[in-house]
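# Descriptive structure summary
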Amino acid sequence: MASEWSPGTLSLTRRFHLAVRRVRDFDARRPLVWDLLLTGVLALVALADLLGGRWKLTAHGTDVPGWLPWLVSAGLVLPVVWRRRAPLAVMCALAVPGLVDGWTGTALEAGASRLVLLYGIAVRRPSSELVGASALAAAQIAVSAVRWPEGDLDRQLVPNLMTCAVVVLAGIAVRTRRDYTASLLERARQLEVERDQQARLAAAAERARIAREMHDIIGHHLSVITGLADGGSYAARKNPERATQALEAIGDTSREALGELRKLLGMLRDATADPTQRPALADLAPQPALADLDLLLGRVREAGLPVRATFSGQGAGLSPGLQLAVYRIVQEALTNTLKHAGPHASAELALAHTPHGVDLRITDTGLGTAPGPPDGGQGLAGMRQRAALYGGTLEAGPLPSGGWRVHAHLPAERSGQQ
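The structure reproduced in this document is the subject of the present report. From a predicted model like this one, the values you see are computed outputs, not experimental measurements.

### A closer look at the pairing of strand β4 (residues 393-398)
The pairing of β4 with strand β5 (residues 404-411) spans six bridges and is classified as antiparallel. Pairing of Glu 395 across the sheet is with His 407, part of β5. Hairpin connection of β4 to β5: five residues between the antiparallel strands, including Gly 402 at a positive phi of 105 degrees.

### Describing the pairing of strand β2 (residues 347-354)
Judged from the six bridges that link them, strand β1 (residues 307-312) and β2 form a sheet pairing that is parallel. Among the inter-strand pairings, Arg 308 is bridged to a residue of β2, identified as Glu 348. Looking at chain direction, β2 and strand β3 (residues 357-364) are connected through eight bridges and run antiparallel. Among the inter-strand pairings, Glu 348 is bridged to a residue of β3, identified as Thr 363.

### Here we look at helix α9 (residues 293-302)
Inspection of α9 places Leu 293, Leu 296, Leu 297, Arg 299 and Val 300 among the buried residues, and these make up the whole buried set. Seen from one end, α9 has its buried residues packed into an arc of 160 degrees, which puts them on one side. Remark: Gly 304 follows α9 within two positions and exhibits a positive phi of approximately 110 degrees.

### A word on the sheet that holds β2
Taken together, five strands build an open sheet; the order of strands is β1-β2-β3-β5-β4 and the sheet is mixed. In the strand order of this sheet, the two ends are held by β1 and β4, each with one partner. The average angle at which neighbouring strand axes cross in this sheet is 10 degrees, direction not considered. Along the sheet, α9 contacts β1 and β2; its crossing angle with β1, the most-contacted strand, is approximately 165 degrees. Contacting β1, β2, β3, β4 and β5, helix α10 (residues 320-340) crosses the sheet at an angle of about 10 degrees to β3.

### Here we look at a nonpolar patch on the surface
Judged by side-chain polarity, Val 23, Trp 34, Leu 37, Val 41 and Val 45 come together as a nonpolar surface patch covering roughly 410 Å² of accessible area. The greatest single-element share of the nonpolar patch, amounting to four residues, is contributed by helix α2 (residues 31-50). Considering the arrangement of structural elements, one finds Val 45 in helix α2.

Rules behind the numbers
Throughout, residues of each chain are indexed from 1 in the direction in which the sequence is written. Local features in a predicted model are, by the rule used here, given only for residues with pLDDT of at least 70; side-chain atom pairs are given and counted only at 80 or more, and totals for whole chains, interfaces and linings are based on all residues. No hydrogens and no water enter the side-chain calculation; it runs on all heavy atoms of the structure. Pairing between strands is defined by DSSP: at least two bridges between the two strands are required. Strands here are runs of E lasting at least two residues and helices are runs of H or I lasting at least four, both read from the DSSP assignment and numbered beginning at the N terminus. Relative accessibility decides the category of a residue: with a 1.4 Å probe and only protein chains considered, values under 20% of the type maximum give buried, values over 50% give exposed, and everything between is partly exposed. Picture the helix axis, draw a direction to every C-beta atom, and the arc is the one those directions span. Lines fitted to C-alpha atoms define the axes here, with helix axes fitted over just the stretch in contact, and angles between the N-to-C directions of these axes take values from 0 to 180 degrees. Working rule for contacts: check all heavy atoms of both residues, and any pair within 4.5 Å makes them a contact. Exposure above 30% relative accessible area and the absence of a salt bridge qualify a residue for a patch, where like charges join within 9 Å and nonpolar side chains (Val, Leu, Ile, Met, Phe, Trp, Tyr) within 5 Å. Where accessible areas are quoted, they stem from the Shrake-Rupley method and a 1.4 Å probe; at the residue level, only the protein chains shown are allowed to cover. Salt bridges are counted wherever a side-chain nitrogen of Lys or Arg sits within 4 Å of a carboxyl oxygen of Asp or Glu.

Function-wise, these values are silent; they only describe arrangement.
Right under this line is the structure:
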């Protein structure tokens, strides 16, 4: 049977919440209209109690001037218009006609206005104001119970106090629910902001990785091509066969550079994709590894830079990302040597695998000048960043006897680290 009426109930619930939301929105835009409407409802209740002397049916004392119930009712109803502007002040203003009502025993229906004030204070105001307003309401009830002790005092006092307590608890419950809902909304907003920040950070990290790769690929291959072209132009006049070999090497180097750039730029084809869902740069296969160092050294030698390499230890267990970092550091260091060491320079590479990690030294016999601008250029910064990504260090500077030295140490990877 539940399946027959559940959809209708759900639809009714949604309609109710939508109506409540509309009322709240209207109240937020025009609070005075809602306050006037509520005051008008209370005024109609008071008029219904006053017309025809109906108030005498429930009054404890009826021996009062005829104008007094009207004046007291007006004093209990009219201040409600300002219930949200100064609720505690309005409660104090209601206490005067309320005490008169309790002392004279008229027990007017307009006294319900203090319950409206109590509820509003419990929903919106600090607890100190709620305590003061509750004390004023209790004082009015106590005056009536003491002044007109009809039967058991507890039967007159407790029900009225319980009514005020229920109203206060209802206001506190509504306030708690509103605060909880507001905290959930704020938390959702913060999570959305954090998500956007993480996406921007991921995109920035990806751009930085791509920039480093492009710098290494373009800088190295163009330096090699420049060296081959210079050597080929010199050999063309004396040894055409060597010039032809230089041109072929230029073609091979250019094609290799284009292939690596195509793989790199493939990450940027879908500009609207979530950056956190794109493949990591180290996951793009195939990426250069330690096994490709021989090919790199061969290209550098063809470009005119003699390089002596020494390898020790076993690096087969290194992750692809760490091997790529070592490869790029070697590539950038030799590229800087090609560009800045000057003629007749030579280089030496020492790569050692130890239980503590990878130790890498590249030295040359060049001029010993810093590559690029005075701040070290992008090449040195990129090498330091690559080393730092794996918790390593990189030092670079001129040698006392002339030349340039690059020393990098990348610590051993922990178990399970990729």
